[in-house]
Amino acid sequence: MSRNPEIPALQHRLRDADAGVRRIAVLDLADLEDADALPALIHTLGQDTDDTVRSEAARVLEGWEETGAIAALCEALTDDSASVREAAAQSLAQLKSDAA
């Protein structure tokens, strides 16, 4: 359970039927710069049905050097959507970590 009260509400928005609402929730989670938001961002990158939402998740993960984020970005390099693959590659290129 997150210590940040904003995270559960944003996680709820990640399940909205509207992809635009989910994309904004991704941006809002990233703006929190809270490690408790990372699992939701990783899940969204791997599981959201909309490629614009997955692309946004890949872009915001650029700021996370944690192993889970790097692994999710690497996995996204095989996404069916070219825009997701490109966003993941761009984010990995920005990371300074040896793991990336």
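First, a word on scope: everything that follows refers to the structure included in this document. Every value quoted in this text rests on a predicted model; they were computed, and no experiment measured them.

Membership of the largest hydrophobic core comes to 29 residues, with the highest contact counts inside it found for V26, L29, L41, L45, L61 and L73. Among the elements of the structure, α1 (6-13), α2 (19-32), α3 (38-47), α4 (51-60), α5 (67-76) and α6 (82-94) are those that each provide at least two residues to this core. Once you skip the residues sitting within four places of it in the chain, L45 turns out to touch R54, A57, A58, L61, A72, L73, A76 and V84.

This next bit is on the pattern of salt bridges. Applying the stated criterion across every chain yields a total of five salt bridges. Of the charged contacts in the structure, one is a salt bridge between R23 and E56, with a shortest N-O distance of 3.1 Å. Here R23, found in helix α2, pairs with E56, found in helix α4; they are 33 residues apart in sequence, far enough to count as distant. Its relative accessible area of 29% is what places R23 among the partly exposed residues. Residue E56 is classed as buried on the basis of its relative accessible area, which comes to 11%. Several salt bridges share partner residues, and in doing so they unite R23, E56 and R59 into one network.

The rules we used
Residues numbered from 1 in each chain as written. Predicted model: local features only at pLDDT ≥ 70, side-chain atom pairs only at ≥ 80, totals over all residues. Heavy atoms only, no water. Core = buried A, V, L, I, M, F, W, Y, C linked by side-chain atoms within 4.5 Å. Buried < 20%, exposed > 50% of the residue type's maximum accessible area, 1.4 Å probe, protein only. Helix = DSSP H or I, 4+ residues; strand = E, 2+ residues; numbered from the N terminus. Contact = heavy atoms within 4.5 Å. Salt bridge = Lys/Arg side-chain N within 4 Å of Asp/Glu carboxyl O.

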